[in-house]
Amino acid sequence: MLVILLFGPPGSGKGTQACEIVGLTKITAISTGDLLRGEMKAGTELGRKAQDIMNAGGLVPDELVNAMLVSRISRSDCRDGFLLDGYPRTVEQARYLDRVLARMGMPSPIVIHIDVPPEVVVGRITARRQCPVCNRIYNALYQPPKVEGVCDFDDGRLFTRKDDNEVTVRERMKNYETITNPVLDHYRNANYHRVDGTRAPEVVFEEVAGVLQGEMAYTPE
Ligand code: AP5
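Residues numbered from 1 in each chain as written. Predicted model: local features only at pLDDT ≥ 70, side-chain atom pairs only at ≥ 80, totals over all residues. Heavy atoms only, no water.

S.K.: Quick one: what's the story with the site of the ligand, residue by residue and with numbers?
M.R.: Neighbouring residues of the ligand: 35 residues in total, closest Gly-58, Arg-89, Arg-128, Gln-143 and Arg-172. Gln-93 places a polar side-chain atom, nitrogen or oxygen, 2.9 Å from a nitrogen atom of the ligand. Pro-201 places a polar main-chain atom, nitrogen or oxygen, 3.4 Å from a nitrogen atom of the ligand. About the coverage of the ligand: the protein hides 97% of its 1,000 Å² of free accessible area. Of all the secondary structure elements, the ones that give two or more residues to the shell around the ligand are α1 (14-25), α2 (32-42) and β6 (137-139). In terms of residue count, α2 provides more of the shell around the ligand than any other element does, four residues in total. Broken down by class, the residue content of the shell around the ligand amounts to 13 nonpolar, 13 polar and nine charged. (Near = heavy atom within 4 Å. Polar contact = N/O pair within 3.5 Å; in protein donor to acceptor, adjacent residues only side chain to side chain. Areas by Shrake-Rupley, 256 points an atom, 1.4 Å probe, with all protein chains shown as cover. Helix = DSSP H or I, 4+ residues; strand = E, 2+ residues; numbered from the N terminus. Nonpolar A, V, L, I, M, F, W, Y, C, P; charged D, E, K, R; others polar.)

This is the structure in structure tokens:
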């Protein structure tokens with residue numbers, strides 16, 4: 001059973017690596033950002049509360065995100081473990097997750113920190129495109145789809161996230177530095193792995209896969 005936390009600033013490649021990790025481990029990947037965007041799209045009360053905060057680059061309050069998270073990881077597809085992309089993002093969320101994992105009889109998490117300096121992420125994020133069907137991530141500059149604007153894997157019309165503009169990205173970076181980065185202290189004595197995220201996605205994944213194969217004695221086909 002595996003619990004993996006993908007940690008890193010906006011645009012570090014968490015979602016990109018999550019897709020590859022799912023292929024390797026077959027566990028369920030959960031992005032709290034995607035869950036919140038789903039709530040917004042569905043027009044739920046949570047979505048309405050989160051909308052303005054997300055569009056401004058702020059963090060959605062802990063109690064809302066914690067409740068959403070626990071409801072998601074209680075589903076049957078998480079019984080054998082799961083990957084969290086973008087959670088925990090505050091020290092309070094990390095403490096909450098410790099309690100939930102203990103209560104569920106889940107193992108301590110493997111923390112993968114994709115480290116990328118701020119100057120790299122703005123360019124990456126403003127060129128990001130995402131598929132609304134499978135959530136696969138592209139980049140208009142570095143990782144374009146085969147046909148412009150269309151997902152390679154289904155017919156999803158790629159979209160640009162509302163919070164992917166320079167002003168909002170800078171606000172998200174500020175929140176990452178001041179509120180989220182201190183979460184790493186919480187995992188100082190944990191199963192922590194720092195990965196240099198400035199390299200090509202496949203090179204980053206090679207290192208991540210090495211870590212995970214070591215953890216689960218995974219044998220590639
Ligand atoms: P969320 O959706 O989680 O956004 P984020 O953390 O800001 O991260 P991103 O999705 O922007 O980037 P990523 O690291 O996944 O990079 P990606 O792989 O896409 O959260 C959005 C908002 O929701 C938050 O601001 C907050 O308001 C709210 N929220 C979410 N979780 C919350 C929580 N726990 N608590 C409170 N609020 C919460 O890659 C980015 C681009 O770079 C892509 O175009 C990709 O193709 C490209 N790329 C990826 N890797 C590489 C590489 N190695 N080299 C070159 N290009 C690359």
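S.K.: Can you tell me about the state of the cysteines, naming the residues and giving the values?
M.R.: All told, the structure shown has zero disulfides when counted by the stated rule. Cysteine Cys-19 is unpaired, with the sulfur of Cys-134 as its nearest cysteine sulfur at 7.0 Å. Overall, Cys-19 belongs to the partly exposed group, its relative accessible area being 29%. Distance from the sulfur of Cys-78, which forms no disulfide, to the nearest cysteine sulfur (Cys-19) is 16 Å. (Disulfide = S-S within 2.5 Å. Buried < 20%, exposed > 50% of the residue type's maximum accessible area, 1.4 Å probe, protein only.)

S.K.: Got a sec to walk through the side chain of Asn-139? Specific residues and values, please.
M.R.: As for its position among the elements, Asn-139 is in strand β6. Reaching out from Asn-139, the side chain makes a polar contact with the backbone nitrogen of Leu-141 at a distance of 2.9 Å. Filtering out sequence-adjacent residues up to four positions away, Asn-139 remains in contact with Arg-124, Ala-127, Arg-128 and Pro-144. (Contact = heavy atoms within 4.5 Å.)

S.K.: So, helix α6 (residues 118-126): which residues are in play, and what are the values?
M.R.: Turning to α6, its buried residues are Val-121, Val-122, Arg-124 and Ile-125. At its buried positions, α6 is contacted by β5 (128-130), β6 and α7 (166-180).

S.K.: Which residues make up the packing of aromatic side chains, and what values do they have?
M.R.: Scanning the model with the defined rule gives one aromatic pair in all. Between Phe-7 and Tyr-176 the ring centres are 6.1 Å apart and the planes differ by 55 degrees, which places this aromatic pair in the tilted class. Taken together, the residues span a long stretch of sequence, with Phe-7 in strand β1 (residues 2-7) and Tyr-176 in helix α7 at a distance of 169 residues. In this structure, Phe-7 and Tyr-176 share a single accessibility class: buried. Sitting over the face of the ring of Phe-153, Arg-136 holds its NZ or CZ atom 3.9 Å from the ring centroid. (Phe/Tyr/Trp six-rings, centres within 6.5 Å; stacked < 30°, edge-to-face > 60°. Lys NZ or Arg CZ within 6 Å of the ring centre and 35° of its normal.)

S.K.: Which residues make up the nonpolar core, and what values do they have?
M.R.: In this structure, Ile-73, Phe-82, Leu-84 and Leu-97 are the most contacted members of the largest nonpolar core, which totals 29 residues. Elements that contribute at least two residues to this core include exactly β1, α3 (45-55), α4 (62-73), β3 (81-85), α5 (91-104) and α8 (183-186). Ignoring anything within four residues of it in the chain, the contact list for Leu-97 reads Leu-5, Leu-69, Leu-84, Tyr-87, Pro-88 and Tyr-187. Ile-21, Leu-83, Ile-114 and Val-204 belong to the second-largest nonpolar core, a separate cluster that totals 24 residues. (Core = buried A, V, L, I, M, F, W, Y, C linked by side-chain atoms within 4.5 Å.)

S.K.: Mind laying out the sheet that holds β1, listing which residues take part and the relevant values?
M.R.: One open sheet accounts for five strands, arranged β2-β3-β1-β4-β7; its pairing is parallel. Sheet topology places β2 (28-31) and β7 (191-196) at the edges, where each strand pairs with a single neighbour. Pairs of neighbouring strands in the sheet enclose a mean axial angle of 20 degrees, with direction left out of account. One ladder, built from four bridges, connects β2 with β3; its direction is parallel. When the sheet's bridge partners are listed, Ile-30 is paired in β3 with Leu-84. Against the sheet, α2 engages β2 and β3, with an angle of about 65 degrees to β2. (Pairing = 2+ DSSP bridges. Axes fitted to C-alpha atoms, helices over the stretch in contact; angles between N-to-C directions.)

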